[in-house]
Amino acid sequence: MKSGSKLQRVAGFFLLWIGVQAQLKIPPETVQQWASIFSSRLRELSTKYSGSLLLQKKLKDVESIIKVVEVDGNDLVKDYADQIERMLGSKMKSVKRLAESAEDADLYHDFNASLEFDYYNSMLINTVDEDGNSVELGGEFPLEENEHFNKLPVNTQQSTVQVPTNVYNKDPNILNAVYNSEALNDVFVGNFLKDPTLTWQYFGSSAGFFRIYPGIKWTPDSNGVATFDCRNRNWYIQAATSPKDIIIMVDISGSMKGLKMTIAKHTINTILDTLGENDFVNVIAYTDYVRYVEPCFKGTLVQADLDNREHFKLLVEELHVKGEAKLKNAMKESFKILNEARVLGQGSMCNQAIMLITDGAMEDFESVFEEFNWPERRVRVFTYLIGREMTFAQNTKWIACNNKGYYTHVSTLADVQENVMEYLHVLSRPMVINHDHDIIWTEAYMDTVLPNTDELFSTKAQSLLLMTSVAMPVFSKKKETLSHGILLGVVGTDVPLMEVMRLAPRYMLGAHGYAFLVTNNGYILAHPDLRPLYKDGKKLKPKPNYNSVDLSEVEWEDADETLRTAMVRGETGRHTLKIRASVENGRRPLFLVNEYFYTNIDDTPFSFGMVLTRGHGQLMFLGNVSVEEGLHDLTSPDLSIASEWTYCETDIDPAHRKYSQLQAAIRYLLGKEPDLECDELLLQQTLFDAVVTAPMEAYWNAVALDDRVEPGMEAAFLGTRAGLMRIMRYAGAETRVAKKFLTPSDKANLFTVDHFPLWYRLAAENPPGSFFYYPVSDKGAKYIVGTTSVTVSAQGKTAMAGAVGLQMSLDLLEKTFWAITKQPSDTDCSNVDGVCPLSCERDDLRCLLVDNHGFILLSKETKEVGRFMGEVDGAVMAMLIKMGMYKKVSLFDYQAMCKNSHHHASSAPRPLLSPFYNLAAILRWIFSNVLMFVLDFNLCGLWHSDYLVDGHKQKKVDALVPCETAYPGFTSEPSVKEANSIIKCGRCQKYIARNRP
């Protein structure tokens, strides 16, 4: 910037900023005149090429035949919850049929140690040897690409069996169990016929194999092995056991050094992996004194969510051996924690167990059990003898056997997995004996069977890539083994959250409205602001904590957690919040008043929530036209509807899956597919919108044919609440700068299953007829989008009917701007005190056009276009904030990921040089009717302060750790607000301990 700064003028919602050399003077009136002329010219271009005035007139003409109604959130949330309940209920019925079939098959089967049986091993199917013959357990297995199963090659008539590499695939136990489970094939197929929305169905056997339907070919990992073991999966563990409180005790005395300690740590980690968010845990290390691996968790149990488990793993890795083992005090401490939790009604309120990991127990410990656990033996004690030596095996075995536990000897790292899993069978026995067929639902997770492609991640909402599973245990019903409590395995099916959330149609929720699901622990299943993925180089990967994001971290304006608490408790109600939302990846703030409606989903641990934005979000208009009239306009070549919305259900009948939503809707309306299930209200509104907006096609074509289109005017478009879009391309693909804009890959600007287009949402927050302009940068291509809302009124109410806009090249805007900001060479300069004639193209002038969120629309330095003004010139932005031209808005991203690097303060901003002249007065006048904002991006990471936690002074951290996040420039600032909390880098303002309702 040249020395000196001069300011500014608004064109619509723009700020014109001019920097000049200190000795030059510019008359404020000239700048004001430029802004006025530029504003008029831009408005003229926008209205002409977008056709906004025509569309507003057509809507005015139909006001006498339409109704404006208020969306009743209370009724709507109950209706959607009922639909979700029915959908999830059908999945539970499918799982029950699988469990019954598996148990009956086992009941009538006698174990045959010499059984020979060939089955389709999913790793070996369609594999041949060197002679071209099918390998053993392989054979020809027809596979066909299926749209319903993410275009994977599958066989919908048969299942396949996956056996982990560490399990012998022809072991007699495996063969007998696989032979039994063959009976599930007919049930799999029958379930899919009854409910075509089902996805993967499966049976995980306690013997170690995994039967999956439809049949697929299993892809090994990079080492060519199948490491997947169904018994380690959350759905299996949760279904096989009840919730539990676990204390893990590990011996870190000197005798545990070397390989023993390595095995012990691996054992702890494996135990932690068997826990879920319904379980509670703590880890104690002992020598001659008792040491909590996390001092903040002293004397308590913490929820075994992913964050806490990973935190424990990191701390366990830092354990070092020393001293002499004294088991007695550590055992007392463990019993005290568990007994106190039971008395106070804390923890899981179910199973309780102590896991003792040691290389030997030498002292007298019987008195501890007499005092704390006998005769009721409420707490089971499981012992893991580490190392090859068996000297103290008798003592550790005695501890387990006299406390209803289980003893295992872990001599190598390879033994850990199988030995740890044994405790699950013990804890499941009471449930098996009582035949408690509890159905469980898992937290959200990424499906390992999904193709891991960038295309999938870029074309679907991140939270809707997740799934949940419903699972049920399978028990042996044989009378001779009934008292043994034998668990045969677990059956289950996956439920894509995309399918669940489709039941709450976007058009009913409006531009900023949305639906979401949370678990009874407050964790999010589905939410449009949930970002479970992060960028690692060019790849998108799941975040470590992707399935344990709390509702309070996304709905962060719910500071008192009123909404969160109500939903965790499964209540029904509504709640109002004034919120600061954002669009365009967190770049632009929106100030909204949201009405939250929520209720529980019966027979599941889930609660359903729905948001309507007060104002246009709660008002919608309804029109009606004949099918014949509407169909004529619905088939217009410039028209499309939201491909991800459900106008008609095409997934129920396989024959309908080949139809797009538009094709299905047209065939249904023509009577060619009367069996299609369609949303009648949505189709009615779509037909009406097609008729009302039909004149726009003729108008745009007339503009294109009858008048010379301004070079750089590339497209006009409109969208309605029904998801209908019309697009006019004024420029051919070969000349368009914005080649991706409004194409199927441009998800930000299309109606998708989880959001309205960006331009629609921005238009919704601005007055009708007033265009909002913003710059777009797409892989080096820069262009400008302008958008405005159109409304309709009836019965004294005004509803937003849609948005209309245009897209132009940066060159067109620049050409218009530079022409206006240039005085003719014959200008009379005799009475001018300053630069004359004046031109923004002069080298000693720096003219910038800045939008109302502080982003640069025009600059002679093209690389600055689209950048934040504060980033380009922080001093000027600071001055604008101080003068009240912009307002700071703090937004917090509690899903940010941090990297361990030192934060270096940026160099001091350049000083703001004078003179400013008397433009400040003009600035205040210009901004009297315009409010502008600048986002306040804070740092996240470790806050440098000392504080007390349970009387222990935490180490002072001197450096802030900057955040990396999927939302560029979006960070958050942690604060210490709970006594039992410790801040952890890797999760901004996410606490390790969460002792909340």
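Residues numbered from 1 in each chain as written. Predicted model: local features only at pLDDT ≥ 70, side-chain atom pairs only at ≥ 80, totals over all residues. Heavy atoms only, no water.

## Structural notes on the sheet that holds strand β31 (residues 713-720)
Spatial strand order, β28-β32-β31-β35-β34-β33: six strands in an open sheet with antiparallel pairing. Here the strands that pair on one side only, and so sit at the sheet edges, are β28 (639-641) and β33 (772-778). Ignoring strand direction, the axes of neighbouring strands in this sheet form an average angle of 25°. Where β28 and strand β32 (residues 724-729) come together, three bridges link them in antiparallel fashion. Note on β32: the bridge partner recorded for Leu639 is Arg726. (Pairing = 2+ DSSP bridges. Helix = DSSP H or I, 4+ residues; strand = E, 2+ residues; numbered from the N terminus. Axes fitted to C-alpha atoms, helices over the stretch in contact; angles between N-to-C directions.)

## Here's the deal with the pattern of salt bridges
One pass over the full model with this rule turns up 30 salt bridges. Its salt-bridge partner being Lys747, residue Glu644 comes within 2.9 Å of it at the nearest N-O pair. Of this pair, Glu644 sits in the loop between β28 and β29 (648-649) while Lys747 sits in the loop between β32 and α21 (758-764), and the two are 103 residues apart along the sequence. Judged on exposure class, the residue Glu644 and its partner Lys747 are both buried. (Salt bridge = Lys/Arg side-chain N within 4 Å of Asp/Glu carboxyl O. Buried < 20%, exposed > 50% of the residue type's maximum accessible area, 1.4 Å probe, protein only.)

## Some words on the state of the cysteines
All told, the structure shown has two disulfides when counted by the stated rule. Covalent S-S linkage joins Cys648 and Cys678, the inter-sulfur distance amounting to 2.0 Å. On the sign convention where negative is left-handed, the bridge of Cys648 and Cys678, at about 105° about the S-S bond, is right-handed. Of this pair, Cys648 sits in strand β29 while Cys678 sits in strand β30 (residues 677-678); the two residues are 30 residues apart in sequence, bridging distant segments of the chain. The two residues Cys648 and Cys678 agree in class, both being buried. Linked covalently through their sulfurs, Cys840 and Cys847 form a disulfide whose S-S length is 2.0 Å. Sign of the S-S torsion, about -85° for the bond between Cys840 and Cys847, identifies this disulfide as left-handed. Here Cys840 and Cys847 have matching classes, each one buried. (Disulfide = S-S within 2.5 Å.)

## Side note on the confidence of the model for the protein
In the predicted model, the protein carries a mean pLDDT of 82, and the fraction of residues at 70 or more is 85%. For the stretch residues 1-13, pLDDT sits under 50, and the model shows 80 contacts to residues farther than four places along the chain or on other chains. Contacts of residues 900-997 to residues separated by more than four positions or lying in other chains number 268 contacts, the stretch itself having pLDDT below 50. (pLDDT = per-residue confidence, 0-100. Contact = heavy atoms within 4.5 Å.)

## Looking at the packing of helix α1 (residues 28-50) against helix α20 (residues 680-706)
Where α1 meets α20, the axes come as close as 8 Å, and the angle between the chain directions of the two elements is 120°. Between α1 and α20, the crossing angle belongs to the class labelled oblique. Contact residues: Thr47, Lys48, Tyr49 and Ser50 in α1; Met696, Tyr699, Trp700 and Val703 in α20. (Parallel < 35°, antiparallel > 145°, perpendicular 65-115°, else oblique.)

## Observations regarding the packing of aromatic side chains
Evaluated as defined, the whole model comprises 44 aromatic pairs. Between Trp441 and Phe606 the ring centres are 5.6 Å apart and the planes differ by 70°, which places this aromatic pair in the edge-to-face class. One end of the pair, Trp441, is in strand β16 (residues 440-441); the other, Phe606, is in strand β26 (residues 606-613), and 165 residues separate them in sequence. No difference in accessibility class separates Trp441 from Phe606, as the two residues are buried. Note on Phe751 and Phe756: the rings are 5.2 Å apart at their centroids and 70° apart in plane angle, and the pair reads as edge-to-face. (Phe/Tyr/Trp six-rings, centres within 6.5 Å; stacked < 30°, edge-to-face > 60°.)

## Observations regarding helix α22 (residues 810-820)
Among the eleven residues that make up α22, eight are buried, leaving the element largely enclosed by the rest of the structure. Turning to α22, its buried residues are Leu810, Leu812, Leu813, Glu814, Thr816, Phe817, Trp818 and Ile820.

## A closer look at the sheet that holds β26
Pairing in this open sheet of five strands is antiparallel, and the strands run β21-β20-β26-β25-β24 from one edge to the other. Among the strands making up the open sheet, the edge pair consists of β21 (524-526) and β24 (573-583). Pairs of neighbouring strands in the sheet enclose a mean axial angle of 35°, with direction left out of account. Taken together, the eleven bridges between β24 and strand β25 (residues 588-600) define a ladder with antiparallel strand orientation. In the strand pairing of β25, Val583 is matched with Arg588. Each of β24, β25 and β26 touches helix α3 (residues 73-107); the most contacted strand, β26, lies at about 145° to it.

## Looking at the packing of helix α19 (residues 661-669) against α20
Packing of α19 against α20 brings their axes to within 12 Å, and their N-to-C directions diverge by 95°. Of the possible angle classes, the one that applies to α19 and α20 is roughly perpendicular. Across the interface between the two elements, Ala665, Tyr668 and Leu669 of α19 pack against Glu680, Leu683 and Leu687 of α20. Grouping the amino acids of the contact of α19 with α20 by side-chain chemistry returns five nonpolar, no polar and one charged. (Nonpolar A, V, L, I, M, F, W, Y, C, P; charged D, E, K, R; others polar.)

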